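What follows is each chain in one-letter form.
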Amino acid sequence: MDHLLLAGPDDEECLRFGTPVDRTTLRALVAEQTERLRAAGLTTGGTAALRLAPSLGYTTALLACWRLGAQVLLLDHRLTDHEVGLALERLAPQVLVESAHRPAAALRGFTETDPVPLARPGGRPAATDHALLQLSSGSTGPAKVIARTAADLLRELDCYRRLALFPEAGERVVLLSSVVHVLGLVGGLLNSLHARVPLTVPERMTPAGILAAIAEDDRPTTVIGVPFHAELLAGATAPPALPQLRRMIVAGELVRPALPAAFTARFKVPLGTMYGMTELGVIATDLDGSLHPQVEPVHGMELREDGGELHIAMADSPYPGLSDPTRWSNGWLHTRDAARVDPRHGRVTVLGRRDSQVSIGGLKVDLTEVEQTLAGLPEVREAVVVFENGAIEAYLATEPAAGPATADPAVVRDAVRDALTRELASYKRPRQLSFLPALPRTATGKLVRDTTVLHDAAARAR
């Protein structure tokens, strides 16, 4: 697969992480990384985990792993050491690739990386023929590990090729989505290499940084990101004239109803949307905003509505080693998204999640994982985690079930916050922590998850 992505004229620009890189340079860098990985013991059928920030180094390490015929596990560089440790213990890759450089600052779009592969004693070779493993919402539990074959990644690239309004040769892409996650990885990085559409990642993910990246080239430009990025740009004051901007396309979460009109009013171009999942990649699109809130299924995608939930035809389960009929059964992927499918046109309207997974700035977070992490802390007796007004809120009982408190409440609260910093990535941490003597329960003893009741209980506790 790497040869298909690296094909093209030698002097053709393909990537820009600050400095433009042509295909000759990219091929040489991939060859160099291939030798480093081979020296670390990676071979055909081997396994490697990449823990690298978006960068040229990340790109060359990924392609080098595939050149060697290895299975790659992608780990978001923002995960804590605790979360990475859980993933490595469960999946046991033979090689871990990290950077010799310090992590990038929060608003950096990319960073300088020098990938360093290290052999891991006890690592296991690939048990399946999948080329890619990703974690949907955390690093624990088999249901969160998603696997894709090279053939399925190529199928998705063919879907992008068939989209008339998606960037093509002679145009360029400014990518705001992380290349570790499916939209930025396949729809951005891999598709740009495959379709020979130069890709630029802004130096800074601020309105000024994004607008500067658009303005630095005269070729027709499409911006790809998540709704959060569109919100940033729609609020930009006095943006420069950008005649090269053709459209922005967002995915990862539902778009605020007023956002498309606000974005178009600001830049005079449409805000398109895509719907997809880590398990399948792109599923349906509305690239010019003419169908909103509906989206049109991409080539070969078969969708149905089952009890208000969207199901998608998928021959094999994307969850390696997992047998869970609530997620995949009889050739159908259960998305856990509430949706309506138009029987006349086949278009779908996605209404939101039916389970505990939510999206924070386009990144998926499992509320159950956050709740279990909190409940597992020695200072916490019980916890409820909810999603309210676009943010995660947590309600905790830290005092003993009976008798007086045995520790200074301020000390306990500091200990909880410190533990969350160690054990959860920043985007997973609750924006608000409310400490209560006891959490509300129903008459049958179940914890109450109604946000109004929880808010009232927190107010009384204060």
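For the structure, see preceding data.
**Q** Can you help me understand the packing of helix α3 (residues 56-67) against helix α6 (residues 182-195) in this one?
**A** To describe two helices that pack against each other, one gives the angle between their axes and the distance between the axes. Running from amino to carboxyl end, α3 crosses α6 at an angle of 75°, the nearest separation of the two axes being 13 Å. Accordingly, the angle class assigned to the pair α3 and α6 is roughly perpendicular. Counted together, Tyr58, Thr59, Leu62, Leu63 and Trp66 of α3 and Leu185, Leu189, Leu190 and Leu193 of α6 form the full contact between these two elements. Among the residues making up the contact of α3 with α6, the classes are represented as eight nonpolar, one polar and no charged.

**Q** Is there a simple way to think about the sheet that holds strand β23 (residues 382-388) in this case?
**A** The strands that make up a sheet pair up through hydrogen bonds in the backbone, lying either parallel or antiparallel. Taking strand neighbours across the sheet as the criterion, the three strands line up as β23-β24-β25 in an open arrangement whose pairing is mixed. Strands with a single pairing partner mark the edges of an open sheet, and in this sheet they are β23 and β25 (432-436). Strand-to-strand twist of the sheet, defined as the mean angle between neighbouring strand axes without regard to direction, takes the value 20°. As paired strands, strand β24 (residues 391-397) and β25 are joined by five bridges and run parallel to one another. Considered in β25, the bridge of tyrosine 395 is made with serine 434. Across the sheet, helix α11 (residues 409-423) lies against β24 and β25, angled at about 145° from β25, the strand it touches most.

**Q** Looking at this structure, how should I read α11?
**A** Owing to its 3.6 residues per turn, the α-helix aligns residues three or four sequence positions apart on the same side. Over its 15 residues, α11 runs 21 Å from end to end, which matches the ideal 21 Å to within 8%, given 1.5 Å per residue. Where α11 is concerned, the buried positions are Val412, Val416, Ala419, Leu420 and Glu423. The buried residues of α11 occupy an angular sector of 100° when the element is viewed end-on, so they sit on one face. Facing away from the buried side of α11 by more than 90 degrees, the exposed set consists of Val411 and Arg422. Taken together, the buried residues of α11 touch α4 (81-91), α10 (367-375), β24 and β25.

**Q** I'm lost on the state of the cysteines in this one. Help?
**A** Think of a disulfide as a covalent bridge from one cysteine sulfur atom to another cysteine sulfur atom. Scanning all chains against the criterion turns up zero disulfides. In this structure cysteine 14 is not part of a disulfide, and its nearest cysteine sulfur, from cysteine 65, lies 18 Å away. Residue cysteine 14 is classed as buried on the basis of its relative accessible area, which comes to 2%.

Analysis parameters
- Residues numbered from 1 in each chain as written.
- Predicted model: local features only at pLDDT ≥ 70, side-chain atom pairs only at ≥ 80, totals over all residues.
- Heavy atoms only, no water.
- Axes fitted to C-alpha atoms, helices over the stretch in contact; angles between N-to-C directions.
- Helix = DSSP H or I, 4+ residues; strand = E, 2+ residues; numbered from the N terminus.
- Parallel < 35°, antiparallel > 145°, perpendicular 65-115°, else oblique.
- Contact = heavy atoms within 4.5 Å.
- Nonpolar A, V, L, I, M, F, W, Y, C, P; charged D, E, K, R; others polar.
- Pairing = 2+ DSSP bridges.
- Expected span 1.5 Å × (residues − 1).
- Buried < 20%, exposed > 50% of the residue type's maximum accessible area, 1.4 Å probe, protein only.
- Arc of directions from axis to C-beta.
- Disulfide = S-S within 2.5 Å.

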